[in-house]
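# Notes for the structure review
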Amino acid sequence: MNSPLRKKLLGLLFAFFLCVISQAIQPVQSYASLPDELQVFAGRQADVHLAVPAASSAVVDRPDIVGFDGKETTVHVTKQQPLHLHPQQTGHAKLTLKLWGKIPVKTVNVNVIPDLRVVPGGQTIGVKVKSAGILVVGHHLVRSGQDERVSPGESAGIKLGDLITHMDGKRLDGVTGVAEAVEHAGKSKKGIDVVLKRGKETVKTRLTPAYDAEDKAWRLGLYIRDSAAGVGTLTFYAPDQGVYGALGHVITDMNTQTSIVVGSGQIVQSNVTSISKSESGDPGEKRAHFLKESKILGNIERNTAFGIFGKMSGNPEHSLYSKGIPIAFSHEVKEGPAEILTVVEGQQVERFAIDIVHVADQSEPATKGLVLRITDPKLLDKTGGIVQGMSGSPIVQNGKLIGAVTHVFVNDPKSGYGCFIEWMLQDAGVMMKKDNAKNLKAG
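Residues numbered from 1 in each chain as written. Predicted model: local features only at pLDDT ≥ 70, side-chain atom pairs only at ≥ 80, totals over all residues. Heavy atoms only, no water.

Labelled according to an unreviewed UniProt entry, the protein appears under the name Serine peptidase, originating from Paenibacillus xylanivorans.

This is how it looks when you write it as structure tokens:
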């Protein structure tokens, strides 16, 4: 065989192999993009979308837990139609995807959990929270002499954002009693043994009060606070568990921007009196007051990255729903039309149209799960977009609760972020976290 012909044949063979390899790589990459674990609800169909350019099949090992259309244990997969999963009962199953029906390329652990329905909120709530100690929000100088000014707290290494939990071995429930302890320590010329929390770290130090020559009193040189209050929106009420979730983001101290460690707290009914409209560079706010005659709606037990959570005895007034609706996992949320529930006047919850313009791929809890844009003319006319106090407003899509409004884009108040309801339900204790589900399965 002459050399030119040999080169031509080798070139054709190389091109053939490239085509074969590319046909194999594309479906493998599609499979690799799937999560290793998938949670679905018992009795509710779940769709899995696969862009597979080659002949493929899907196989389940426990058709009594998860099946396909009909009673098949193996079905063909195409890129035109999603893979329809039919969860039969709670439990665990393995879904194996095979290239050309023979080569296993991906196994997904399918965790079927009990069906879950919660009542969407939308009510404006008053939030009162007391920290688990006293929060340091600033330093100040004490004039202890003619020209001498000191800050005992700063000298003791106490920083802004520190949470003082103990003084001389006694637990602090608030600022009550601090002044008396400081005066006693000052007059007896003894320092105070202080225990504080700095993030996850526990710090011990000794704090010696200074006598303020102007005020004629003993001072620590610290600005402290033990409580905070504000307005937000209820996201959901879970009647079967008797718990709620609200806000969609952590409560932070306004001075230090550190998250508040909850000692106790409560949420109460609130009435929206007016709206300060959002403008580019200037986010507006709901103006509301707590109703004196209103009963406490619930307590506050946790303050996390996804909001506040606690016990609630019943579905609050003015709800648009008398019973729970399905919730959607993060992978079920789609770009397109949706609605939010919120209050813009008085206590009446209303529906407003929005568009979901971006959905983040989140297999683990993370904030900023989706980007939304207000499209409802009535809401835009009333608020200019998203305003402070709207955080926690539930987002509903296709009859399912999918998330909550969390933040406004300062330079584009018509748009903002939302978090997935899945992560809020986990922090509320309504839905088991994946790590716990794995441990339960292993046990």
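Read on, since the account is not over.
### As for the overall build of the protein
Spelled out, the test is: Strands here are runs of E lasting at least two residues and helices are runs of H or I lasting at least four, both read from the DSSP assignment and numbered beginning at the N terminus. Any residue under 20% of the maximum accessible area for its type is buried, any over 50% is exposed, and the rest in between are partly exposed; the area is computed with a 1.4 Å probe on protein chains only. Contacts between residues were defined by any pair of non-hydrogen atoms, one from each residue, lying within 4.5 Å. Working definition of accessibility: Shrake-Rupley area with a 1.4 Å probe, residue cover restricted to the visible protein chains.
For the protein, the count of helices and strands is 6 helices and 32 strands. Of all 443 residues assigned to the protein, the portion counted as buried reaches 47%. Looking at the protein alone, contacts between residues at least 24 apart form 68% of all its contacts between residues at least 6 apart. As displayed, the protein offers around 22200 Å² of accessible surface, 52% of which is attributable to carbon and sulfur atoms.

### Some points on the sheet that holds strand β5 (residues 74-77)
Filter applied, for reference: The pairing criterion for strands is at least two bridges between them, as found by DSSP. Axes here refer to lines fitted to C-alpha atoms; in helices the fit is confined to the stretch in contact. Angles between the N-to-C directions go from 0 to 180 degrees.
Overall, mixed pairing links the 5 strands, which are arranged β1-β8-β7-β3-β5 in an open sheet. Both edges of this open sheet fall to β1 (37-41) and β5, since each of them pairs with a single strand only. Looking at each pair of strands side by side, their axes are set apart by 30° on average, direction ignored. Of the strand pairs in this sheet, β1 and strand β8 (residues 103-113) are connected by 5 bridges, and their pairing is parallel. Residue Val40 lies in a different strand from β8, and its bridge partner there is Val112.

### Let's talk about the environment of Val136
The topology assignment puts Val136 in strand β10 (residues 124-139). When its relative accessible area of 0% is taken as the criterion, Val136 is described as buried. Linking Val136 and Leu163, residues 27 residues apart in sequence, is a C-alpha distance of 6.3 Å. Look past the residues within four positions of Val136 in its chain and what remains in contact with it is Ile158, Lys159, Leu160, Gly161, Asp162, Ile164, Leu222, Tyr223 and Thr256.

### Here we look at the sheet that holds strand β29 (residues 370-374)
If you trace the 6 strands once around the closed barrel, you get β27-β28-β29-β32-β31-β30, paired in antiparallel fashion. On average, each strand axis in the sheet is inclined to that of its neighbour by 45°, with strand direction left out of account. Two strands pair when backbone bridges link them, and strand β28 (residues 349-359) and β29 are joined in this way by 5 bridges, in the antiparallel orientation. Counterpart to His358 in the pairing with β29 is Val371.

### Focus on the packing of aromatic side chains
Quick note on the threshold: Ring geometry is summarised as follows: Phe, Tyr and Trp rings, the Trp one being its six-membered ring, pair when their centres sit within 6.5 Å, and such pairs are stacked at plane angles under 30 degrees, edge-to-face over 60 and tilted between the two.
This model, assessed by the stated rule, comprises 3 aromatic pairs. Measuring from ring centre to ring centre gives 4.6 Å for Phe41 and Phe329, while their planes differ by 15°; the resulting arrangement is stacked. Of this pair, Phe41 sits in strand β1 while Phe329 sits in the loop between β26 (325-326) and β27 (336-343), placing them 288 residues apart in sequence. Comparing Phe41 with Phe329, the two get one shared label, buried. Here the aromatic rings of Phe409 and Tyr417 are separated by 4.8 Å at their centres, their planes lie at 75°, and the arrangement is edge-to-face. Taking relative accessible area as the criterion, Phe409 reaches 24% and is therefore assigned partly exposed.

### Digging into the nonpolar core
The criterion, for reference: Residue types Ala, Val, Leu, Ile, Met, Phe, Trp, Tyr and Cys, when buried and joined through side-chain atoms within 4.5 Å, form a set referred to as a nonpolar core.
Counting 67 residues, the largest nonpolar core has Phe236 and Ile395 as the members making the most contacts within it. Of all hydrophobic cores here, the second largest spans 22 residues; its members include Val66, Val75, Val108 and Val112.

### Points about helix α5 (residues 421-428)
For α5, the buried fraction is high: 8 of the 8 residues fall into the buried class. If you check which residues of α5 are buried, you get Ile421, Glu422, Trp423, Met424, Leu425, Gln426, Asp427 and Ala428. Backbone geometry just after α5 places Gly429 at a positive phi near 85°.

### With respect to the pattern of salt bridges
Our working rule: The term salt bridge refers to a pairing of a side-chain nitrogen on Lys or Arg with a carboxyl oxygen on Asp or Glu at a separation within 4 Å.
As enumerated under the stated definition, the model contains 16 salt bridges in all. Arg198 serves as the salt-bridge partner of Asp162, at 2.8 Å between the closest nitrogen and oxygen. Linking Asp162 in the loop between α2 (152-155) and β13 (163-167) with Arg198 in strand β15 (residues 192-198), this pair joins segments that are 36 residues apart in sequence. Its salt-bridge partner being Arg219, residue Asp215 comes within 3.3 Å of it at the nearest N-O pair. Residue classification places Arg219 among the partly exposed positions, given a relative accessible area of 31%. What you see here is one network of salt bridges that share partners, running through Arg44, Asp115 and Arg117.

### Observations concerning helix α3 (residues 178-187)
For clarity, the threshold we go by: To be clear, the arc concerns the directions from the helix axis to the C-beta atoms.
Along α3, the residues that are buried comprise Val178, Val182, Ala185 and Gly186. Here the buried residues of α3 occupy an arc of 100° about the axis, which is enough to place them on one side. The exposed residues of α3 that point more than 90 degrees off its buried face are Glu180, His184 and Lys187. In this structure, the buried residues of α3 make contact with β10, β13, β15, β18 (217-219) and β19 (222-238).

### Observations concerning the environment of Ser57
Mapping Ser57 onto the fold places it in strand β3 (residues 56-60). Taking the C-alpha atoms as reference points, Ser57 and Thr96, 39 residues apart in sequence, are found 8.4 Å from one another. Non-local contacts of Ser57, meaning those with residues more than four positions away in its chain, are made with Thr74, Val75, His76, Val77, Thr96, Leu97, Lys98 and Gly101.

### Considering the pairing of β15
Alignment of β13 against β15, held across 4 bridges, turns out to be antiparallel. Bridged to His166 within β15 is Val195. Two strands pair when backbone bridges link them, and β15 and strand β16 (residues 201-207) are joined in this way by 7 bridges, in the antiparallel orientation. Within β16, the residue paired with Leu196 across the bridge is Val203. Adjacent in sequence and paired antiparallel, β15 and β16 are bridged by 2 residues, among which Gly199 carries a positive phi angle near 70°.

### A look at the confidence of the model for the protein
We apply this condition: The predictor attaches a confidence to each residue, and that confidence, scored 0 to 100, is pLDDT.
Per-residue pLDDT for the protein has a mean of 87; in total, 88% of the residues score no lower than 70. With pLDDT under 50 throughout, residues 437-443 is counted as low confidence; its partners more than four residues away or in other chains account for 7 contacts.

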